[in-house]
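Each chain, letter by letter, is given below.
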Amino acid sequence: MLGHQTVFSTGTDEHGMKIQQAAAAEGLTPLELCDRTSTRFRELFDLCDIGYTDFVRTTEERHKAVARAVWTKLASEQLIYLGNYAGWYSVPDETFVPEAQTVAGVRKRDGAPCKLSLESGHELEWVEQPNYKFKLPLFKEKLLQWLDSQPATVAPQNRLAWTVQEVGQMKATSDADDLSVSRLTQYLQWGIPTPNDPSHVMYVWLDALTNYLTVSQVPVHKLSEVKKTGAKPEFPALDGQVFSAWPADYHIIGKDILKFHAIYWPAFLLGAGLAPPKRVIAHGHWTVNGQKMSKSKGNGVDPFDRVAVHGVDAVRYFLFRDSQLDSDCDYSDTRVTDLFNGELAAAFGNLLSRVFARALLQPANQPSATLSSSPSSAQTADDLAAWAFVPSKLDGTAWTRSDAIQVLPPIAQELHDKLNQLPSLVHEAYTDAQFARGITAVLFSIQCCNRAFTIVEPWTLAKTIREGALKNEPVNETALTQLRAMLYLTLETLRIASLCLLPVLPRSMTAALNHLSIPADQRLAQHIFSSPLVSGTLLPAAGGSVVVFPSTRRANPVTTGAAATQSGKPAKTKQKKQKDSSS
RNA sequence: GGCGGCGUAGCUCAGCUGGUCAGAGCGGGGAUCUCAUAAGUCCCAGGUCGGAGGUUCGAGUCCUCCCGCCGCCA
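Residues numbered from 1 in each chain as written. Chains lettered and ligands numbered in written order. Predicted model: local features only at pLDDT ≥ 70, side-chain atom pairs only at ≥ 80, totals over all residues. Heavy atoms only, no water.

## Looking at the confidence of the model for chain A
Logical step 1: In the predicted model, chain A carries a mean pLDDT of 84, and 87% of its residues have values of at least 70.
Logical step 2: Low pLDDT, under 50, characterises residues 228–242; the predicted model gives this stretch 26 contacts beyond four residues in sequence or across chains.
Logical step 3: Interface confidence for the predicted complex, given as ipTM, is 0.90, next to a pTM of 0.88. (pLDDT = per-residue confidence, 0-100. Contact = heavy atoms within 4.5 Å.)

Quick look at the structure:
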């Protein structure tokens, strides 16, 4: 949106016990399972217009090299040492079970009290094994410093507070909070072997997090040469032309992996002499009827399925418009359609339709024409060119918004002001990942324009002009200039709104901008003010009906008689979607 | 059990450092225009701002306690 060269990276984290077990359960090799899953994600991204410049799989060789390099660097800094890991181990499940996932029980063999896995119910053994450990608490102060810096490094506020608390509770003086970063290969094989010790594989998170360095093109072969330079380590461009996108401007993650991204990850980076990310944004999860989605409840929502039902942009719009960062949000098919129909179709889409109406544009641009000239015959290009373009002032010069509002009622001034403030409002909101806030602001402008449209009544002005033409009277210049001004202002409103919503609804907004004849190279935030619509620009779309968001509401089939309402007037029917029953 | 958060109109939520803060949207009810995708616009919510105290000239907005949810940790 801003036109900056950006690395948009995503990918799949493919190592670890869970993958190993899931693959075994299906009789697949881990890699086969990952191939399938990874492909599935990319299919979804393609389907949903989710762009990325890199998709990294942690099983790729380029990534393994980075992970190994980071490990080696941390080890050389004396931050990783061979220690012991002790924990509850379930032999049948082949996994360590966190304390929180255990429950007191009785051993079958001799009836002695023991611990059971909450998940599987299997008996647990207390196992101690050699593990490599990372001196996490060493970074307590630096982490707190990082967390305290501005602009906020962790957002939203509640997540930052949590992170600060977690780090604050770390015992800096003991090794109790040292982080286990490897597993013996006898327990876990599906991982990256630790450099210099094939009997361990790297802990999945240390492995996975370094993917960000992989995609950032950090020259890890130079990692050993990085020198610590105080609190703000810089990566020196040793060979003079090293390009690296690191540090990341944003990590967009779910709240479930905040600990890894906001505590472990910056600590690893600081340990390796690299800069921590600039910002970690943690969003909530989607619920269904207030409940977590889970396999056991079978209440998951399948995005492929929902997109097939509602359309990509209806789903995208809902996800951005109806969510907030700091808490979980509820998925609802009804909300998807209500928002689509109410805000996109009725407010935005309909405004686009009204401004492209021939009944308004032709009188505005071809005031001498008598409308009945071509009631049924197909329109020729010449015919269209005679009136389908962005209106100009009466003297033929180009409108500006400032000029247009001069000839319109005060509501136009209000709209003008809103539009002037919109870009910064949206930018601010998007910057903080407060998408709903930005979208709402856009909507207010659209709503204001609809209101202005109603107040100015361009159809009445058009009628005045048409009737004048029929009577061969001189054109009513007041009506004409107002009509043109209102249409121009509306077109500008739509252009600005479309640019603001382009990242949210790339497909639909591209269509809208095409209709508005906005050149492809004038669709960035900077063009909102720098490149207004130019009077005279052809609007070929005006020839037909312009529908960017086809409403899914159905009119009551009143004409068939059966459904006529008691009151005798057409009922304002809203399609009530079936109750959420997503599979 | 500890720590933290939340609890504002039927629903989803705005309300920053205390004084137009009692609001928006949706749903629901009513009216109206006709350019437009049966779309638009306008009017209608009398809600003890979870409860009880307290600080203050004045508190959804600060403090204490209680109730109810939720998260993390143990």
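## Structural notes on the protein's contact with RNA strand B
Logical step 1: The environment of RNA strand B is formed by 31 residues, the closest being Gln 165, Gly 349, Asn 350, Arg 354 and Phe 549.
Logical step 2: The share of sugar and phosphate among atoms of RNA strand B within 4 Å of the protein is 70%.
Logical step 3: Note that a sugar or linking oxygen of RNA strand B is positioned 2.9 Å from one of the backbone N or O atoms of Ala 346.
Logical step 4: The contact in question runs from a sugar or linking oxygen of RNA strand B to an N or O atom on the side chain of Asn 350, over 2.5 Å.
Logical step 5: Elements with a contribution of two residues or more to the surface near RNA strand B: helix H5 (157–168), helix H11 (333–355) and helix H16 (435–456).
Logical step 6: Ranked by residues supplied to the surface near RNA strand B, first place goes to H16 with seven residues.
Logical step 7: Of the residues belonging to the surface near RNA strand B, the class tally is 13 nonpolar, 10 polar and eight charged. (Near = heavy atom within 4 Å. Polar contact = N/O pair within 3.5 Å; in protein donor to acceptor, adjacent residues only side chain to side chain. Helix = DSSP H or I, 4+ residues; strand = E, 2+ residues; numbered from the N terminus. Nonpolar A, V, L, I, M, F, W, Y, C, P; charged D, E, K, R; others polar.)

## Section: the pattern of salt bridges
Logical step 1: Using the criterion set out here, one finds 20 salt bridges in the structure.
Logical step 2: Across the pair Lys 255 and Asp 328 runs a salt bridge whose closest N-O atoms are separated by 3.0 Å. In this pair, Lys 255 sits in the loop between strand E13 (251–254) and helix H8 (258–271) while Asp 328 sits in the loop between helix H10 (312–321) and strand E17 (329–331), placing the two residues 73 residues apart along the sequence.
Logical step 3: Across the pair Lys 418 and Glu 414 runs a salt bridge whose closest N-O atoms are separated by 3.4 Å. Taken as a pair, Lys 418 and Glu 414 lie in helix H15 (residues 410–431) at a separation of four residues, close to a single helical turn. (Salt bridge = Lys/Arg side-chain N within 4 Å of Asp/Glu carboxyl O.)

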